[in-house]
Amino acid sequence: MTLLIKKFGGTSVGDITKIKAIAQSICQSKEAGNDIVVVVSAMGNSTDNLNKLAKLISSKPNNRELDMLLSTGEQVTIALLSMSLNDFGIPAISMTGSQVGIITESIHGKARILDIKTERIQSYLDQGYIVIVAGFQGSTLSHTGLMEITTLGRGGSDTSAVALSAALGAETCEIYTDVPGVLTTDPRIVPDAKLLDYISCEEMLELASVGASVLHPRAVEIARNYGIKLYVKSSQTLSKGTLLHSQIKPLPLKRGGLELTKTVNSLEVLENQAVLSVSNLPDRPGIAAQIFETLSAANINVDLIIQTTHDGNINDIAFTVNALELKKTIEQCKLITNQLGGEYNYKTNMTKLSIQGAGIMGRPSVSADLFDTLSQANINVRLIATSEIKVSCVIDISNIPKAIRFVGEKFKLSDSQILINPIFKKQDQPEVRGIALDKNQVQVSFRNLPDKPGVAASICLALAESNLIFDTIVQSERVTSFKTKDISFTMSKQDREQADLIFKSLTKKFPGSFVEDGPAIAKVSTVGAGMAFKVGTAGKIFRALANENINVEMIATSEIRTSCIVLEKNCDKAVKAIHSYFQLDK
Ligand code: ADP
Ligand code: ASP
Ligand code: MG
């Protein structure tokens, strides 16, 4: 018998008719001879509605009580689905997270799964039952040793399902939802978004962590770590859906730390880099496009691109290229500044250092640890660009031996995990696979910071200590004046509300510095594994935006993703523009 784990999201169990239809499809699968564990979410918008109730009664609801409340949503669905299956004559039994023994960390609202007890589920399966498990919830032992209910974070039922697959040793996990699978972008924004037959876990992680709500990013991380075949399918129509695949060797199941596998998988060092910066550019649509199109026309492959906001109507853009391309790049920068104004500068003997790992996501302490480690080694960080699963920075080449030693030790990396000038196999992958939009972000800039080791570390450590998650950190500097620097990042709207006290103490620590909240923004992220090998992808993205007269407020890139911060009012138009520029609808 094959063990199948099937997860049905809130949109698929929104009313009684839908629950009955799902019960029927589960019956068919059972009659075909499969063992089945079903994971369900709360019906329709009921989690949102429970949240609203909490806000009506208290402006700052207690986190423990909030988990107590939100976890009831899933409990309704499991009971109803079980009743329906029993009516169809199929033995079924519902279980909450704590009845199963889904053990999590003791953090309310965003707990990670540590372990899942399988005995009780297995015993029901052996007796022929379909087991229906409440998603999104688990339980933990509090500091007093008493059982408490926890939740995993919004969208977390996907994570429950994939974690159960890993714990029960199921080969595949099927996530049923209201779309045919993973699409090139959110069909609510682009109705003719296309279904992807396959997507790599790495690409999906990047998309899911920046707004593609079709999968919870932690579910993708678990599938990748433990080699679970993960399908996303429609609960309404027959479609073969999307299969996620990964190249990495699956890990053995980590009991007691199911979701706590190593945060950092590798350290990459890329020597012989040059940093170019074009500064004092006018801040208007089309500037970034013109720069990167010019570079691409000269066949220059740009790696990191960083643009942060500045006071007034000027704009600085910094990027890295291989030192072999420096001469050619300087010629192009001359052309660019002749046309656009501003000035260019460059620095050679630079090195890019990156730590990488899906475990970085949602753990602000990791980038804080990296910057702190570098600062303890007295290494000044020149540029920073981060994505959710990678933190890159540019440092002087003379610091490299020291940096490798300190960072390698900090993250307990073996020699085989330290990659110096790695040559990646050129993959035949599209430069753009999909686009995600995250509207739940605000942009914050720290201005006038001293340019010395430890500044980025202080900011990141302070936020991480309060478990406030920040990302798309960019630090750029004007190569002409090394005296001050700006660090910008994005964070979720909720976390921003809690950050005031921390910001106050930080600006006190760095006299003269100040915090500036950006305008209402959204983050538009373009992802594709082929991007790293293709010259000119960034230029095309910026051109697509410029054609629609959309200004880019901030840019941060990793190898397989380019994120642009745009004004919130422009965000749907931005996604549409990039989608059609790359002909993803074809
Ligand atoms: P569920 O209730 O099944 O968990 P969600 O609302 O969490 O469903 O996720 C499904 C929704 O994700 C879709 O309705 C779609 O609007 C949105 N979505 C965002 N990006 C994508 C994408 N790239 N592919 C498919 N759906 C996406
Ligand atoms: N019901 C929870 C939510 O709405 C979990 C989920 O649907 O995955 O976030
Ligand atoms: Mg969901």
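This report concerns the structure included in the present document. Here the structure is a predicted model, which means the values were calculated and not measured.

Quick word on the site of ligand 2
1) Next: Every residue close to ligand 2 is listed here: Ser41, Ala42, Thr47, Glu74, Phe136, Arg154, Gly155, Gly156 and Ser157.
2) Next: Glutamate 74 places a side-chain nitrogen or oxygen 2.7 Å from a nitrogen atom of ligand 2.
3) Next: Contacts to ligand 2 include glycine 155, whose backbone N or O atom sits 2.8 Å from an oxygen atom.
4) Next: Within the complex, the protein chains bury 86% of what would otherwise be the 260 Å² of accessible surface of ligand 2.
5) Next: When its residues are assigned to classes, the shell around ligand 2 shows two nonpolar, five polar and two charged.

Let's talk about the site of ligand 1
1) Next: Residues in contact with ligand 1 amount to 18 residues; listed here are only the nearest, Thr177, Asp178, Leu183, Asp186 and Arg188.
2) Next: At 3.1 Å, a side-chain N or O of threonine 11 approaches an oxygen atom of ligand 1.
3) Next: Within the contact set of ligand 1, a nitrogen atom lies 2.9 Å away from a backbone nitrogen or oxygen of leucine 183.
4) Next: Across the complex, the protein chains shield 87% of the 570 Å² of accessible surface that ligand 1 would expose by itself.
5) Next: When the residues that make up the shell around ligand 1 are grouped by side-chain class, the tally is seven nonpolar, seven polar and four charged.

Section: the nonpolar core
1) Next: Counting 55 residues, the largest nonpolar core has Ile5, Val37, Ile116, Ile121, Val133, Met204 and Leu244 as its most contacted members.
2) Next: Per-element tally for this core: the top contributor is helix α6 (residues 157-168), with seven residues.
3) Next: Other than its neighbours up to four places away in sequence, valine 133 contacts Val37, Val38, Val39, Val40, Ile78, Met95, Val100, Ile102, Ile121 and Leu164.

Some remarks on helix α5 (residues 119-126)
1) Next: For α5, every residue scored as buried is listed here: Ile121, Tyr124 and Leu125. Summarising the axial view, the buried residues of α5 lie within an arc of 100 degrees, below the 170-degree limit, and thus occupy one face. The outward face of α5, more than 90 degrees from its buried face, is lined by the exposed residues Glu119 and Asp126.
2) Next: In the segment just after α5, glycine 128 is the residue with positive phi, at about 95 degrees.

Thoughts on the side chain of aspartate 451
1) Next: Mapped onto the elements, aspartate 451 comes out in the loop between β21 (441-450) and α13 (455-465).
2) Next: Within the local environment of aspartate 451, its side chain forms a polar contact with the side chain of asparagine 380, the two groups lying 3.4 Å apart.
3) Next: Engagement of the side chain of aspartate 451 in a polar contact is seen with the side chain of lysine 485, the distance being 3.3 Å.

Points about the pairing of strand β20 (residues 434-438)
1) Next: For β20, the tally of buried residues reaches five of five residues, placing the bulk of the element in the interior.
2) Next: The alternating pattern of β20 places Gly434, Ala436 and Asp438 and Ile435 and Leu437 on opposite faces, both of which are buried.
3) Next: Sheet analysis places β20 next to strand β25 (residues 521-527), joined by five bridges and oriented antiparallel. By the bridge assignment, glycine 434 is partnered in β25 with valine 527.

Focus on helix α11 (residues 364-376)
1) Next: Over its 13 residues, α11 runs 18 Å from end to end, which matches the ideal 18 Å to within 8%, given 1.5 Å per residue.
2) Next: Turning to α11, its buried residues number three or more, namely Pro364, Val366, Ser367, Ala368, Leu370, Phe371, Thr373, Leu374 and Ser375.
3) Next: Asparagine 378 lies just past α11 and shows a positive phi near 60 degrees.

Section: the pairing of strand β6 (residues 130-134)
1) Next: Counting buried positions along β6 yields five of five residues, so the element is predominantly enclosed.
2) Next: Neither face of β6 is open: one carries Ile130, Ile132 and Ala134, the other Val131 and Val133, and all of them are buried.

Digging into the sheet that holds strand β10 (residues 198-200)
1) Next: Here we have eight strands laid out as an open sheet, ordered β3-β6-β2-β1-β9-β11-β12-β10, and mixed in their pairing. The strands lining the two open edges of the sheet, one partner per strand, are β3 (92-95) and β10. Across this sheet, the average inter-strand angle for adjacent strands is 20 degrees, counted without regard to direction.
2) Next: With six bridges connecting them, strand β1 (residues 3-8) and strand β2 (residues 35-40) associate as parallel partners. Bridged to lysine 6 within β2 is valine 38.
3) Next: Of the strands in this sheet, β10 and β12 (242-245) touch helix α7 (residues 201-209), which is tilted by about 80 degrees from β10.

Details of the environment of lysine 240
1) Next: For lysine 240, the location among the structural elements is in the loop between β11 (229-234) and β12.
2) Next: With a relative accessible area of 58%, lysine 240 lands in the exposed category.
3) Next: For lysine 240 and phenylalanine 542, which are 302 residues apart along the polypeptide, the C-alpha to C-alpha distance reads 34 Å.
4) Next: Those residues in contact with lysine 240 that lie beyond four places of it in its chain are Asp197, Tyr231 and Lys233.
5) Next: Separated by 3.0 Å, the side chains of lysine 240 and aspartate 197 make a polar contact.

Digging into unusual backbone geometry
1) Next: Although it is not a glycine, phenylalanine 136 adopts a positive phi angle of roughly 75 degrees.
2) Next: Along the polypeptide, phenylalanine 136 turns up in the loop between β6 and β7 (137-141).
3) Next: In this structure, asparagine 378 takes a positive phi of about 60 degrees despite not being glycine.

Here is what the cut-offs are and how they apply
Residues numbered from 1 in each chain as written. Chains lettered and ligands numbered in written order. Predicted model: local features only at pLDDT ≥ 70, side-chain atom pairs only at ≥ 80, totals over all residues. Heavy atoms only, no water. Near = heavy atom within 4 Å. Polar contact = N/O pair within 3.5 Å; in protein donor to acceptor, adjacent residues only side chain to side chain. Areas by Shrake-Rupley, 256 points an atom, 1.4 Å probe, with all protein chains shown as cover. Nonpolar A, V, L, I, M, F, W, Y, C, P; charged D, E, K, R; others polar. Core = buried A, V, L, I, M, F, W, Y, C linked by side-chain atoms within 4.5 Å. Buried < 20%, exposed > 50% of the residue type's maximum accessible area, 1.4 Å probe, protein only. Helix = DSSP H or I, 4+ residues; strand = E, 2+ residues; numbered from the N terminus. Contact = heavy atoms within 4.5 Å. Arc of directions from axis to C-beta. Pairing = 2+ DSSP bridges. Expected span 1.5 Å × (residues − 1). Axes fitted to C-alpha atoms, helices over the stretch in contact; angles between N-to-C directions.

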